[in-house]
Amino acid sequence: MSDNKIIKAIQDKGKTIEAEMSFFEHLEALRWHLIRAAISVVVFSLVAFFNYDFILNKIIMGPFNPDFWTYRMLCKLGDGFCVSKINATIINTEVAGQFMLQINSSLLIGIILSVPYILWELWRFIKPALLTKEKKAASGFVFYASLLFVLGILFGYYIIAPESISFLASYTVSDTIKNTFTIGSYLSMVATITLIIGIVFELPVLIYILASIGILTGTFMKRTRRYSVVILLIVGAIISPSPDFLTTMISTIPLFALYEVGIVVASMVEKRRAARHDEIMND
C-alpha cells in the first residue's frame with residue numbers, strides 16, 4: 001500500500017513539474033513576443049524621429065492648418081461649413097518642451113505603425129492553444145483587426161480631430177480671452193482622439209470574441225438595438241465636441257455601422273455554434 005502511495009506521489013510530482021515547465025515555456029515565448037513587438041515600436045519611432053519635419057508639418061500640425069484636406073472638403077459643402085482660419089495660436093511654455101514633443105510624437109507614431117505587427121505577434125502567441133476549427137474561424141484576426149484600427153485612426157484624424165480643433169479654437173466666452181494652446185495640450189488632444197477612435201473601431205472584433213466564448217449573441221444584440229442606439233448617440237456626442245446635430249451624427253453614423261457589422265458577426269458565430277451542437281447531438 002505504501003509503495004502505491006509512493007508511486008502515486010512520484011507521478012503527481014512529475015505532472016506538477018511538467019505543468020510548471022509548460023507554464024515557464026509559455027512565459028518565455030510571451031517574453032520573446034513582447035520583445036519583438038517592442039523592437040518594432042522602437043524601429044518605427046526612430047524612422048519618425050529622423051523624418052520629423054514631415055511628421056510635424058504634414059501630420060501633427062495638419063489639422064491646425066486651414067488648408068487641411070478636411071477643411072477644404074467642408075468648404076466645398078458651402079460657406080456655412082467652410083473653415084478658413086484657426087482662431088488660435090500654439091506656444092511652448094517648457095524649456096524642453098519642443099524636444100519632448102519630438103520624442104513623444106515619434107513614439108506615438110511608432111506605436112500606431114506597429115499595431116498590425118503587434119497584433120500578428122499576439123496571434124502567434126495565441127494560435128498554438130486553439131483547436132483546428134478555432135484557428136480557421138480566427139484566421140483573419142490580424143487582417144480585420146488591423147484594417148479596423150487603421151480605419152478608426154483615419155476617421156479620428158481626418159474627421160473628429162479637425163472638427164474638434166476648429167470648434168474649440170473658435171469657441172470663446174469673452175472677447176478679452178484669447179485662445180492660446182500649449183503644444184503639449186494640442187498633441188495630447190489629437191493623439192487621444194485619434195487613438196480612442198482607432199480602439200472604438202475594434203468593436204466588431206470585440207463582439208466576435210465575446211460571441212465566440214458565449215457571452216454575447218446576435219439575437220441579444222438585435223433585441224437590445226434600441227438601447228444601443230441611445231448609448232451610441234451619447235458616445236458620438238462625447239467624442240464630437242461640436243454641439244450641432246449634424247456633426248454629432250457624422251461622429252455617430254460609423255458607430256451605428258460598426259454595431260450592425262457586430263450583429264452580423266455575432267449571428268454568424270451563433271449559427272456556427274448551433275450547427276456544431278447539432279453535429280455533436282447527432283453523433
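Residues numbered from 1 in each chain as written. Predicted model: local features only at pLDDT ≥ 70, side-chain atom pairs only at ≥ 80, totals over all residues. Heavy atoms only, no water.

Our focus in this paragraph is the overall build of the protein chain. What the protein chain contains, in helices and strands, is eleven helices and two strands. Its helices and strands in sequence order give the protein chain the pattern α-α-α-β-α-α-α-β-α-α-α-α-α, from N to C terminus. Relative to its full complement of 283 residues, the protein chain shows a buried share of 32%. Total accessible area on the protein chain is roughly 18,100 Å²; 69% of this is exposed by carbon and sulfur atoms. (Helix = DSSP H or I, 4+ residues; strand = E, 2+ residues; numbered from the N terminus. Buried < 20%, exposed > 50% of the residue type's maximum accessible area, 1.4 Å probe, protein only. Areas by Shrake-Rupley, 256 points an atom, 1.4 Å probe, with all protein chains shown as cover.)

This part covers the confidence of the model for the protein chain. Averaged over every residue, the pLDDT of the protein chain is 83; residues scoring 70 or more account for 84%. Helix α2 (residues 52-60) holds the highest mean pLDDT among the elements of the protein chain, 93, whereas helix α5 (residues 132-137) holds the lowest, 69. (pLDDT = per-residue confidence, 0-100.)

So, about the nonpolar core. Ile197 and Met221 are the most contacted members of the largest nonpolar core, which has 31 residues in total. Broken down by secondary-structure element, the contributors of at least two residues to this core are α4 (97-126), α6 (141-170), α7 (183-200), α8 (203-212), α10 (225-239) and α11 (245-282). Contact partners of isoleucine 197, with chain neighbours within four places excluded, come to Gly152, Phe155, Gly156, Ile160 and Ile239. Tyr52, Tyr71, Leu101 and Tyr186 belong to the second-largest nonpolar core, a separate cluster that totals 19 residues. (Core = buried A, V, L, I, M, F, W, Y, C linked by side-chain atoms within 4.5 Å. Contact = heavy atoms within 4.5 Å.)

By the definition in use, this model includes twelve aromatic pairs. Pairing tryptophan 123 with phenylalanine 141 gives two aromatic rings, centres 6.4 Å apart and planes at 35°, and the pair type is tilted. Taken together, the residues tryptophan 123 in helix α4 and phenylalanine 141 in helix α6 connect sequence positions 18 residues apart. Put simply, the rings of Phe68, Trp69, Tyr71, Tyr157 and Tyr158 pair up and form one aromatic cluster. It is arginine 124 that lies over the ring of tryptophan 120; its NZ or CZ is 4.9 Å from the centre. (Phe/Tyr/Trp six-rings, centres within 6.5 Å; stacked < 30°, edge-to-face > 60°. Lys NZ or Arg CZ within 6 Å of the ring centre and 35° of its normal.)

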